[in-house]
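# Analysis of the macromolecular model
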Amino acid sequence: MSKKLAMALVAAALPLSVSAAPENYTIDPYHSYVHFEVDHIGGLSRMRGRFDKTAGKFTLDQAAKTGSLDVTVQTTSVTTGDNDKGSRPRSRDEHLRTPDFFNVAEFPTMTFKSTNVAFKGDNLGSIEGNLTLLGVTKPVTLNVERWKCMPHPQSKKDMCGGNATGIVKRSDFGMKFGIPAVGDELALFIEVEGYKE
Amino acid sequence: MQGGVAPFVVGLVVTLLLQSVRLGGLAVVAAFATAVYFVAGFTFSPLTATRKIVLLALAAPVIGIFIDFGVKTTRAGAGMLAFAAGVAALWIFWPVLSQKEMAQIWLIGGAAAIAVAFMVGFGQMFLADHAVRAGAAGLGAGLGVGVAAILAASATYGLYGIALGAGSGAFLLVQMLRGKPGTAGATFMLPAMLIAGLVAGGAMILAQLPWYSVLVLALVPVGARLPVPARARVWQQAMLLSLYTFIIAGIACYLAWHS
């Protein structure tokens, strides 16, 4: 009798455990980008740029309110829209790739690996993790400003996407060139979409 | 300020203080260290190529002093120094070179190793015993590498090169004002040529300095070996030799501009 009861309980709990399993998503590189913003000439203006190539995965367990994020950004793909040197010896984007800034020859990638995902109600609230840039790893918190899961309107594939922001001090990662003319504080804006595997 | 004035002042003070004990040549590494302090600081983790250059730059005068005061300089010794400098260049840049195709490894790795080895070997063999020529070589190589690095999109390497030129200029200026040559030796020549060669190599491998510009920069010390009128005064010799080195450095910068 007790065996039957146990089996019945297991059978009853099975659908719950399936629905609580983390879902894996692969980041869509064509709709996922990391943008950045930094003060120029002591705050005269805020200059913006982005990395064109981002890849990674995230998991989501809506029931257990847990998840993870693992992103790799190709620093070689940095662009600020100034990639034509014109009459100058080099363009700004070329300068950003040198050891003065992202040193892409030695450090071609920047990674973010989450350590904790916090929910605000049913939605993602913030993602704590470690950002590795220029070989230095520091904790960073990303605030999720928008998050949504739905089937793709055409392909009907399940997908999730949203936007997150964070702030880092580039000097913490050894990127000290040009401070304070080029600001130390780097604001990160991340847009991400991912398809369920 | 970071790459020019502060390193020049430090170089001048070190030359004035230490010239009497034959260590005025430390001006060049003191000037370089001043620029490193202001630009990036003395952090060595993770050990990047740039930080390896700084480490070797700080170690070079120790070897230089040992050579000047401990062992007699010979051609074989200069050759060994040159070989070691070339190997050091490969050690510094190998993590980046190893990610490139074989043809690129041979081209830019070879250019860096040859440039550094030639500058160190030539400087030690033909210039170290002539403080005016040594100072002119350091001045031309430092400023040339600095300007070329800026044109190659690396301001950090640009400032390091200019600081090297500033320190060498201070060392040269003291001789010009005193009217008699000082003492260079390996204490001056080894760090001056090693840093110049490695910074040029870094600007090529990590930024965009073309390999042929690096090879021309390596010839700058040859300009400081050219003849000057035997009866010329020290300041006249310094001016003329510096002009020779500037011409060669100028060609390298022109090539970097138009690459």
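Residues numbered from 1 in each chain as written. Chains lettered and ligands numbered in written order. Predicted model: local features only at pLDDT ≥ 70, side-chain atom pairs only at ≥ 80, totals over all residues.

Turning to the interface of chain B and chain A, a few remarks are in order. Quite often, the size of an interface is put as the accessible area lost when its parts meet. Taken residue by residue, the interface counts 19 residues in chain B and 15 residues in chain A. Of all elements in the fold, only helix 3 (49–69), helix 4 (75–97) and helix 7 (155–178) of chain B reach the threshold of two or more residues within the side of chain B that touches chain A. When grouped by side-chain class, the residues that make up the side of chain B that touches chain A number 12 nonpolar, seven polar and no charged. (Contact = placed C-beta atoms within 7 Å. Helix = DSSP H or I, 4+ residues; strand = E, 2+ residues; numbered from the N terminus. Nonpolar A, V, L, I, M, F, W, Y, C, P; charged D, E, K, R; others polar.)

Moving on, we get to the packing of helix 4 of chain B against helix 5 (residues 102–127) of chain B. All names here are of chain B. Orientation of helix 4 relative to helix 5, taken along the N-to-C sense of each, is 150°, at an axis distance of 8 Å. Between helix 4 and helix 5, the crossing angle belongs to the class labelled roughly antiparallel. Every pair of crossing elements has a handedness; the one defined by helix 4 and helix 5 is right-handed. On the side of helix 4, the interface is formed by Arg75, Ala78, Gly79, Leu81, Ala82, Phe83, Ala85, Gly86, Ala89, Leu90, Phe93 and Leu97, while helix 5 contributes Ile105, Gly109, Ala112, Ala113, Ile114, Val116, Ala117, Val120, Gly121, Gln124 and Met125. Residues that form the contact of helix 4 with helix 5 fall into these classes: 17 nonpolar, five polar and one charged. (Axes fitted to C-alpha atoms, helices over the stretch in contact; angles between N-to-C directions. Parallel < 35°, antiparallel > 145°, perpendicular 65-115°, else oblique. Left-handed = near helix turned anticlockwise from the far one by under 90°.)

Residue and element names in this part refer to chain B. Compared with the 34 Å implied by 1.5 Å per residue over 24 residues, the 34 Å span of helix 7 between its first and last C-alpha is a close match. Across the 24 residues that make up helix 7, a large majority, 20, are buried. At the exit of helix 7 stands Gly179, carrying a positive phi of roughly 80°. (Expected span 1.5 Å × (residues − 1). Buried ≥ 20, exposed ≤ 12 C-beta atoms within 10 Å, placed from the backbone.)

This part takes up the pairing of strand 7 (residues 109–120) of chain A. Residues and elements named next belong to chain A. As judged from the five bridges shared by strand 5 (residues 66–74) and strand 7, these two strands associate in the antiparallel manner. Across the sheet, residue Val73 finds its bridge partner in strand 7, namely Met110. When strand 7 meets strand 8 (residues 123–133), the two strands line up antiparallel, connected through nine bridges. Pairing of Ser114 across the sheet is with Gly129, part of strand 8. Hairpin connection between strand 7 and strand 8: a loop of two residues separates the two successive antiparallel strands, and Gly121 in this loop has a positive phi of roughly 70°. (Pairing = 2+ DSSP bridges.)

On their own, these measurements won't tell you what the molecule is for.
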